[in-house]
Amino acid sequence: MPDIRVLPSLLSADFSKLAEELQMCEDAGAQALHVDVMDGHFVPNLTLGPFIVKAMRGHCSKWLDVHLMMTHPVQYAQAFRDVGSDAITIHVEAVGPRAMNEAIAAVKATGAKVGLAFNPDTDPTLWFKFMDQVDLVMFMTVYPGFGGQSFIPEVRPFIRKTREAFPELDIQIDGGLNRETIPLVVADGANHLVCGSAFFKDSDKAEFISWAESLELGKT
Ligand code: DX5
Ligand code: ZN
């Protein structure tokens, strides 16, 4: 059974004191951190590029999971790897089925772990044929672009179907996760939990992580 892991999403961090925020996440027990890259085209928002990831890397020894919400993710994969990204996740909607094999190979060639992300209304079963080539899949439970949105429960059957088909795959969820919704997706079989606003607002972040990571996968 894959391990459960909470990945604080730095989108909710205070970027004026990024080094302190990274240290706080480490002190709370986070093994991995989630970094959101938005290009103003694939999603209607802009965030950061490789030079910010480089600055983060200088203050953080944990796993950096980089979520590319970009129309041309492959073009930038090497640049994100060169500054220390451990995993690079690309959206299937951006790449499309015809270019998918090539895109997965290109991200893999950088040396990073490869993830495939799915928008809430994308049926993952159509993409099952690619899933044994990647290290993780990530279901968006909000429409990507902004932190602090509400969890979309209609994605839950997609999580269940994917867990049934791929018992060992890391299944990551991103968007609207909090103390109410985390138990739902863990029951569905998700083991990587990206958490932005709820984590950064929580008064006991270490307890938040240890609570979530002690839930039992596939159990309500
Ligand atoms: C949204 C981003 C998320 C975001 C999640 O497009 O991909 O990673 O930070 O934030 P919350 O947990 O607040 O929904
Ligand atoms: Zn994200």
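Some details on the environment of Pro157
Piece 1. Within the secondary structure, Pro157 sits in helix α7 (residues 156-165).
Piece 2. We classify Pro157 as partly exposed; its relative accessible area is 43%.
Piece 3. For the pair Pro157 and Met69, spaced 88 residues apart in sequence, the C-alpha separation works out to 23 Å.

Focus on the site of ligand 1
Piece 1. The full set close to ligand 1 counts 20 residues, and Ser9, Gly145, Asp174, Gly196 and Ser197 are the nearest of them.
Piece 2. At a separation of 2.8 Å, an oxygen atom of ligand 1 approaches a polar backbone atom of Gly148.
Piece 3. Between ligand 1 and Asp174, the relevant distance is 2.7 Å, taken from an oxygen atom to a side-chain nitrogen or oxygen of the residue.
Piece 4. Against a free-state accessible area of 380 Å², the protein chains account for coverage of 100% of ligand 1.
Piece 5. Contributions of two or more residues to the shell around ligand 1 are made by β2 (32-38), β3 (63-69) and β8 (192-195).
Piece 6. Of all the elements, β2 adds the most residues to the shell around ligand 1, at 3 residues.

Quick word on the coordination of the zinc ion (ligand 2)
The expected angle between donors at a tetrahedral four-coordinate metal is 109.5 degrees. At an octahedral six-coordinate metal it is 90 or 180 degrees.
Piece 1. The coordination sphere of the zinc ion (ligand 2), as far as protein atoms go, consists of His34 (NE2), Asp36 (OD), His67 (ND1) and Asp174 (OD), spread over 2.0 to 2.3 Å.
Piece 2. For the zinc ion (ligand 2), the 6 donor atoms in the first shell make angles of 71 to 167° at the metal, so the coordination geometry reads as octahedral.
Piece 3. If you list the donors of the zinc ion (ligand 2) from N- to C-terminus, the spacing comes out as H-x1-D-x30-H-x106-D. Note that Asp36 is positioned in strand β2 and His67 in strand β3, a separation of 31 residues in sequence.
Piece 4. Note on Asp36: relative accessible area 6%, which makes it buried.

Observations regarding the pattern of salt bridges
Piece 1. Counted according to the given criterion, the structure contains 5 salt bridges.
Piece 2. Between Asp86 and Arg57 there is a salt bridge, with its nearest N and O atoms 3.1 Å apart. Of this pair, Asp86 sits in the loop between α3 (73-82) and β4 (87-91) while Arg57 is found in helix α2 (residues 50-57), placing the two residues 29 residues apart along the sequence.
Piece 3. Arg57 sits in the partly exposed class, given a relative accessible area of 22%.
Piece 4. Here Glu207 and Arg179 are joined by a salt bridge, their closest N and O atoms 2.7 Å apart. With Glu207 in helix α10 (residues 205-213) and Arg179 in the loop between β7 (170-174) and α8 (182-188), the pair connects residues that are 28 residues apart, well separated along the chain.
Piece 5. Judged by relative accessible area, which is 34%, Glu207 ranks as partly exposed.

Looking at the sheet that holds β3
Piece 1. If you trace the 8 strands from one edge of the open sheet to the other, you get β1-β8-β7-β6-β5-β4-β3-β2, paired in parallel fashion. Each of the sheet's edge strands pairs with one partner strand only, and the pair in question is β1 (5-8) and β2. The sheet shows a mean angle of 25° between the axes of neighbouring strands, direction not considered.
Piece 2. Its contacts with the sheet place α10 against β1 and β8, and it is angled at close to 145° to β1.

Overview of the layout of surface pockets
Piece 1. Size it by volume and the largest pocket reaches roughly 280 Å³.
Piece 2. Secondary structure elements with two or more residues in the lining of the largest pocket: β2, β3, β8 and α9 (197-201).
Piece 3. Residue classes in the lining of the largest pocket are distributed as 12 nonpolar, 12 polar and 2 charged.
Piece 4. Approximately 160 Å³ is the volume attributed to the second largest pocket.
Piece 5. Forming the boundary of the second largest pocket are Arg5, Leu7, Trp63, Asp65, Ala87, Lys113, Asp135, Leu136, Asp170, Gln172 and His192.
Piece 6. Of all the elements in the fold, those that place two or more residues in the lining of the second largest pocket are β1, β3 and β7.
Piece 7. Here the residues of the lining of the second largest pocket sort into 4 nonpolar, 2 polar and 5 charged.

Regarding the environment of Asp82
Piece 1. If you trace the backbone, Asp82 turns up in helix α3.
Piece 2. Residues Asp82 and Val53, 29 residues apart in the sequence, show an inter-C-alpha distance of 9.8 Å.

Definitions and cut-offs
- Residues numbered from 1 in each chain as written.
- Chains lettered and ligands numbered in written order.
- Predicted model: local features only at pLDDT ≥ 70, side-chain atom pairs only at ≥ 80, totals over all residues.
- Heavy atoms only, no water.
- Helix = DSSP H or I, 4+ residues; strand = E, 2+ residues; numbered from the N terminus.
- Buried < 20%, exposed > 50% of the residue type's maximum accessible area, 1.4 Å probe, protein only.
- Near = heavy atom within 4 Å.
- Polar contact = N/O pair within 3.5 Å; in protein donor to acceptor, adjacent residues only side chain to side chain.
- Areas by Shrake-Rupley, 256 points an atom, 1.4 Å probe, with all protein chains shown as cover.
- Donors = N, O, S within 2.8 Å, 3.2 Å for Na, K, Ca; no water.
- Tetrahedral: all angles 85-135°; square planar, octahedral: opposite > 155°, others 65-115°.
- Salt bridge = Lys/Arg side-chain N within 4 Å of Asp/Glu carboxyl O.
- Pairing = 2+ DSSP bridges.
- Axes fitted to C-alpha atoms, helices over the stretch in contact; angles between N-to-C directions.
- Contact = heavy atoms within 4.5 Å.
- 1 Å grid on protein atoms, 1.4 Å probe; cavity = no way out; pocket = protein on both sides within 12 Å on 5 of 7 lines; lining within 4 Å.
- Points joined across faces, edges and corners; volume = space filled by probe spheres on them.
- Nonpolar A, V, L, I, M, F, W, Y, C, P; charged D, E, K, R; others polar.

The quantities given are spatial measurements derived from coordinates; they are silent on function.
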